[in-house]
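# A closer look at the structure
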Amino acid sequence: MSPREEAPDVDRLARSMLRLYGAHDDHEEHDHGENAEIRERNFAGAPDFVSDPDRAAAVREATLRDRERYLTYGLVSVDCRFCHSAVQVKKLGPAHTSVQWNAEASQRCAYFAEIRQAGGESARARTCPRLADSIKHAVAEGCLEEVSSAPSPGDG
Ligand SMILES: [Zn+2]
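All chains use their own residue numbering, which begins from 1 and follows the written sequence. Whole-chain, interface and lining totals are the exception, using all residues; otherwise, since this is a predicted model, local features are given only for residues with pLDDT of at least 70 and side-chain atom pairs are given and counted only at 80 or more. Think of the side-chain values as coming from all heavy atoms in the structure, minus any hydrogens and water.

Here we take up the overall build of the protein chain. Secondary structure elements are taken from DSSP: a helix is a run of H or I of four residues or more, a strand is a run of E of two residues or more, and numbering for both begins at the N terminus. A tally of helices and strands in the protein chain yields four helices and three strands. For the protein chain, the sequential pattern of α-helices and β-strands runs α-β-β-β-α-α-α. A simple rule labels every residue: compare its accessible area, found with a 1.4 Å probe on the protein chains alone, to the largest value its type can have, and call it buried under 20%, exposed over 50%, or partly exposed in between. Here the protein chain, with 156 residues, has 17% of them falling under the buried criterion. Taking as baseline every contact in the protein chain between residues at least 6 positions apart, the subset at least 24 positions apart corresponds to 49%. Computed by Shrake-Rupley with a 1.4 Å probe, the accessible areas treat only the displayed protein chains as cover when residues are assessed. Accessible surface, the protein chain: about 12,100 Å² in total, of which carbon and sulfur atoms supply 53%. Between two residues, a contact is recorded if the distance between any of their heavy atoms is within 4.5 Å.

This part is about helix α4 (residues 129–140). Two residues of an α-helix separated by three or four positions point the same way, owing to the 3.6 residues in each turn. Each helix should span, by expectation, one fewer than its residue count multiplied by 1.5 Å. Under the 1.5 Å per step criterion, the end-to-end length of α4 is 17 Å for 12 residues, consistent within 8% with the ideal 16 Å. Where α4 is buried, its residues contact β1 (76–79), β2 (86–93) and β3 (96–100). A positive phi of about 80° marks Gly 142, the residue just after α4.

On their own, these measurements won't tell you what the molecule is for.
So, in structure tokens, the structure goes:
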């Protein structure tokens with residue numbers, strides 16, 4: 001493109017920009033009024049339409065957090081030193097230990113496997129005695145609190 005051809009284009013562009021600007025000026029007041037009206041409508045509708053679902057979601061989230069806290073707070077993962085199944089343990093007192101077995105851990109536990117092989121019900125065995133030793137070790141090593149300081153469900 002040569003400069004001679006370019007120059008008129010720039011002039012035309014500048015003129016059309018001025019025209020557009022002028023045209024914009026002509027309609028500005030009208031546009032502004034229209035937009036202001038729409039903004040006002042949206043603002044008036046906001047409390048019902050936006051805030052309530054947000055609050056409901058926040059409440060729902062807090063409830064889930066609380067439930068999660070009650071279920072998992074104070075639980076410590078302990079590996080059975082014998083069969084290496086990992087269970088979630090919470091000491092509720094010197095003689096009260098809450099152990100949460102998952103499906104993988106109970107399948108993996110050699111003690112439960114022995115019971116199953118002997119034709120017994122592994123679900124009837126309350127816990128693996130080797131795991132009980134591992135829990136004692138975990139307490140001795142400071143990995144697990146002797147009595148969990150975490151609030152128990154229902155304490156609020
Ligand atoms: Zn075991």
